[in-house]
Amino acid sequence: PIGFTFVVPAIPSLPLSGTEVGQGVFSTALLGPTAGLDATGRPVAELEVSDTLPAEVYISFSLSVRNPAEAVPVAGDWEVYSEMDLQRQDREDALHGFGVYALITIAGIFASDVQIAARYNFIRLTFELPLDLPADGSLIVSGHRAFVLRADDFDAENLPAFSTASAGADGALDVSIPAGLEAATFYAFRFVVTNPSEIVTRTETSWQLFAVDAIRSTLAANVNIPSFQLRAGFSLLSLAPSFYDAEVPRNMVIVDVALESLPLTVVRSRLQLDQAYLEIQLPQDFSPAAFAACALDVLSLSTSQQTRALPSGTVCNVRNNLVQFELAATLEEGTAYRFGLAVANPLVVLQSTVWTFRTYLNGQVLHTGEHPGFAVAETSSVSLQFTSMAASVTHRSLITLATDVDMGGSWAILIDAPGSFRAMCSEPGDFLRGSLPAEATCEGGDGSVRLVLPAPASLRPYAPVIGAGFPYVFSVLIANPANISGDNEGFRVQYYTAASALTPSRFVGLRVTDPPPALGQAADDTAFQVVHTDLRRGIPNQLDIFVTVPSEADNVYGLRLQVPFGFTVAESAGAPCQGFIGSCCASQGGPPPGFEPPFEVLDLQRVLCAAVSQTTVFIQTGLEPLQADVTYAFQLEITNPAEFAILVDVFSLVLTGADERDVLFASSIPGFATEIEQLEPIVGPNLQLASVQLVEEVVVAAESVQQKSGSIALHLS
């Protein structure tokens, strides 16, 4: 037709093929073509055939043409005839051609879910028309036949009011626009498709958009909108690291993967040699270990019969933070495969911790998936406070723990005592849980205890039971040894994950407390008394403290006083004592029985008082030691707890030599915290309430965004 122009290619010939009934397929060559105009001004291309063409054969060949510069919506006829037809005057071999339309500019097509077989893939199409669409016009969207275009959940976005969508009989989506559209304006709308259940390449999934008027005449079109690449996914991605500590040079991470929707089929024969890979992109801050980064046989760590090793012959290649397994055989769909990957933990994770998984078959991506990974921290806070420094005494210790990871249901905390110390539950199966969950249990007692967190909730199996960063306080019994020199090693606190069908219990972290304090000879508890003056919560409380030095002591130069955790004696370590007064007595009832005057008063002219911590002070004498069988008195101001009750209500006293580390005598007495009014029981953070509040915020935001559509589609994980 007039307006088209033949494009003579640079290659000297074009393919020609034909099919004759009963004679198979033949091919020959077309020489040329040459292009020009005939007598009426119509473009003509002449092709010279190198061989004779038999009769009654359907011929197929390709030519290139340049479309007209202006839109020609009415299709013209194309004529094809052989040289022997030139003498005929009534040629009727016309082929009905195609119209040429103004091009619709596509700013982008976005898919919310590129996984194959996804039921809810929200596609957003942004476009600009080259001309006005008159009133009662329509937009027609079509795609590959494997996609199912749906009119439900259609969102008109910035299309004019009353724009609606309906599904056409040919699988296309018909968007009716009663108010029409303006040219040179970007519009967008969203619709839902169901993805095909098999991989369709991008070249097969080009989308088409037509703008038609009220009588369905095409005004503008774009029939080659680049599509998105469909992917399969993973039904299982699991990481079980051995360490969450920073700067660990070799952290063995047990990885479980299972393919979803389709297998990774590998054929290796004389006729076909597939190249298949499983690729893992590590987070930017991680890197594979310096040696033996891949462990292909780790099935001994699992009791599950459903887990397999990667196929025999698999080769592991490492480059920077990319790990690639070259597969020698097929990975089946739905089968869990397990392997180990040794990584070097960074000092601190500054970027994303996401691990990216992909499979490739002959250069084409088949499966994609992401795992949120895990963060590392320099240390988690763990401390242990003794309430008695006397040898051969069993006492309650106070443990404060703040983990750097969320701990799930049925996880375990193992507390292992060093040397001759022993950790025990107060009674079999019972201990002071403090702010740990109420259903936590305590097991063991032969030197170590195992605290087991409650089982996960059936409706929230992956919800944390202990939240990272929150301090948890609890108490177990510690039996001090007869050895009064103490121990150079601290208590080991270890974390273990819960066992599951695919993943056994795994060691995930280790923290070590400071070494336990040096121990001294047990002194008579009646030689140490504390008298309070105020039982109101959160206010200063002036204490009268009485200490009688044992008769066998002749070199006591200092005393260390520890108040129950929850009281405060100083702002911080090294700060002056809070309200140290060298006088007696502040209490209205006077000294307790057995401590009658006269007293030796420890005043600031004779001693120095300094804070060891917020709960401990050290009072040191001058050149002369404290005298045996003499009662010393002083006043010390502490701040009562303001909110929560005291878990272990014990005052501890240690008498030392000239060196503070030389512990001579130790004693402990019960406190008075139970008499303080209106203190709440100590509890942990309400992690479930925090999660519920977060979901409520998401729902409110979704309602405010999509209120105009009358309904919301909320997808949460």
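Per chain, residues are indexed from 1 in the order of the written sequence. Confidence filtering applies because this is a predicted model: local features only for residues at pLDDT of at least 70, side-chain atom pairs given and counted only at 80 or more, and all residues used for totals across whole chains, interfaces and linings. The basis for every side-chain value is the complete set of non-hydrogen atoms in the structure, without hydrogens or water.

J.: Residues and numbers for the overall build of the chain, please.
T.: Within the chain one finds 1 helix and 48 strands. For each residue, the accessible area found with a 1.4 Å probe, counting protein chains only, is set against the maximum for its type, and the residue is called buried under 20%, exposed over 50%, and partly exposed in between. Here the chain holds 717 residues, and the buried ones make up 44% of them. Contacts: residue pairs with any heavy atoms within 4.5 Å of one another. Across the chain, contacts joining residues at least 24 apart in sequence account for 72% of those joining residues at least 6 apart. The numbering of helices and of strands both runs from the N terminus, where a helix is a DSSP run of H or I of at least 4 residues and a strand a run of E of at least 2.

J.: So, the environment of Val601: which residues are in play, and what are the values?
T.: Locating Val601 in the fold gives a position in strand β43 (residues 600–601). The spacing of Val601 and Phe634 is 33 residues in sequence and 5.9 Å in space, taken between C-alpha atoms.

J.: Outline the confidence of the model for the chain, listing residues and values.
T.: Any segment with low pLDDT has predicted coordinates that should not be analysed in fine detail. The pLDDT value expresses, per residue, how confident the predictor is, ranging between 0 and 100. Scored by pLDDT, the chain has a mean of 80; 83% of the residues are at 70 or more. Note on residues 10–15: pLDDT under 50 across the span, and 15 contacts to partners over four residues away in sequence or across chains. Within the model, the stretch residues 689–708 combines pLDDT values under 50 with 13 contacts to residues more than four positions away or in other chains.

J.: Account for the pattern of salt bridges, with residues named and values stated.
T.: Salt bridge, as applied in this entry: a Lys or Arg side-chain nitrogen positioned within 4 Å of an Asp or Glu carboxyl oxygen. On inspection of all chains with the given rule, the structure shows 13 salt bridges. We note a salt bridge from Asp256 to Arg338, for which the minimum N-O separation is 2.6 Å. Here Asp256, found in strand β20 (residues 251–259), pairs with Arg338, found in strand β27 (residues 336–344); they are 82 residues apart in sequence, far enough to count as distant. With a relative accessible area of 2%, Asp256 lands in the buried category. Taking relative accessible area as the criterion, Arg338 reaches 0% and is therefore assigned buried. The salt bridge involving Asp659 is made with Arg661; its shortest N-O contact spans 3.1 Å. By sharing partners, the salt bridges in this structure join Arg124, Asp155, Glu157 and Arg190 into a single network.

J.: Got a sec to walk through the nonpolar core? Specific residues and values, please.
T.: We define a nonpolar core as any set of buried Ala, Val, Leu, Ile, Met, Phe, Trp, Tyr and Cys residues linked to one another through side-chain atoms lying within 4.5 Å. If you look at the biggest cluster of nonpolar residues, it comprises 40 residues, and the most contacted ones within it are Phe528, Ile545 and Leu636. Put simply, the parts of the chain that give this core at least two residues each are β40 (528–531), β41 (540–548), β42 (558–562), β44 (607–611), β45 (616–621), β46 (631–639), β47 (650–656) and β48 (663–670). With 4 residues, the single largest contributor to this core is β46. Of all hydrophobic cores here, the second largest spans 37 residues; its members include Ala390, Met407, Val476 and Tyr495.

J.: Lay out a nonpolar patch on the surface in plain terms, naming residues and giving numbers.
T.: Residues enter patches when they are more than 30% accessible in relative terms and free of salt bridges; like-charged ones are connected within 9 Å and nonpolar ones (Val, Leu, Ile, Met, Phe, Trp, Tyr) within 5 Å. For the area figures, the Shrake-Rupley method with a 1.4 Å probe applies, and any residue is considered shielded solely by the protein chains shown. Taken together, Val49, Leu53, Ile59, Phe61, Leu63, Val80 and Leu95 make up a surface patch of nonpolar side chains, about 520 Å² in accessible area. Its place among the elements puts Val80 in the loop between β7 (77–79) and β8 (94–96). Using a relative accessible area of 44% as the deciding quantity, one classes Val80 as partly exposed.

J.: Talk me through the packing of aromatic side chains; I want residue IDs and the actual numbers.
T.: Two aromatic rings, drawn from Phe, Tyr or Trp (for Trp, its six-membered ring), form a pair once their centres lie within 6.5 Å of each other, and the interplanar angle then sorts them: stacked below 30 degrees, edge-to-face above 60, tilted otherwise. Here the structure, examined in full by the defined rule, presents 19 aromatic pairs. Members of the aromatic cluster, each reached through a chain of ring pairs, are Phe127, Phe147, Phe154, Tyr187, Phe189, Phe191 and Trp207.

J.: Please set out the sheet that holds β40 residue by residue, giving values where relevant.
T.: Strands were regarded as paired on the criterion that DSSP finds at least two bridges between them. Pairing in this open sheet of 4 strands is mixed, and the strands run β40-β41-β46-β43 from one edge to the other. Either end of the sheet is taken by a strand with one partner, and the two such strands are β40 and β43.

J.: Quick rundown of the sheet that holds β47? Include the residues and the values.
T.: Taken together, 6 strands build an open sheet; the order of strands is β39-β48-β47-β42-β45-β44 and the sheet is mixed. Every interior strand has two partners, whereas the edge strands, β39 (521–522) and β44, have only one. Across 5 bridges, the pairing between β42 and β45 is antiparallel. Each bridged residue has a counterpart across the sheet, and for Gly558 the counterpart in β45 is Gln620.

J.: So what's going on with the environment of Asp514? Which residues, and what values?
T.: By the element assignment, Asp514 lies in the loop between β38 (507–512) and β39. For the pair formed by Asp514 and Leu384, sequence separation is 130 residues and the distance between their alpha carbons is 7.8 Å.

J.: So what's going on with the side chain of Ser138? Which residues, and what values?
T.: By the secondary structure assignment, Ser138 is in strand β12 (residues 137–142). Think of a polar contact as two N or O atoms within 3.5 Å of one another; within protein, one of them needs to be a possible hydrogen donor and the other a possible acceptor, and neighboring residues in sequence only count if both atoms come from side chains. Within polar-contact distance, the side chain of Ser138 engages the side chain of Arg216 at 3.4 Å. What Ser138 contacts, discounting residues up to four positions off in sequence, is Leu133, Asp174, Val175, Ser176, Phe210, Ala211, Val212 and Arg216.

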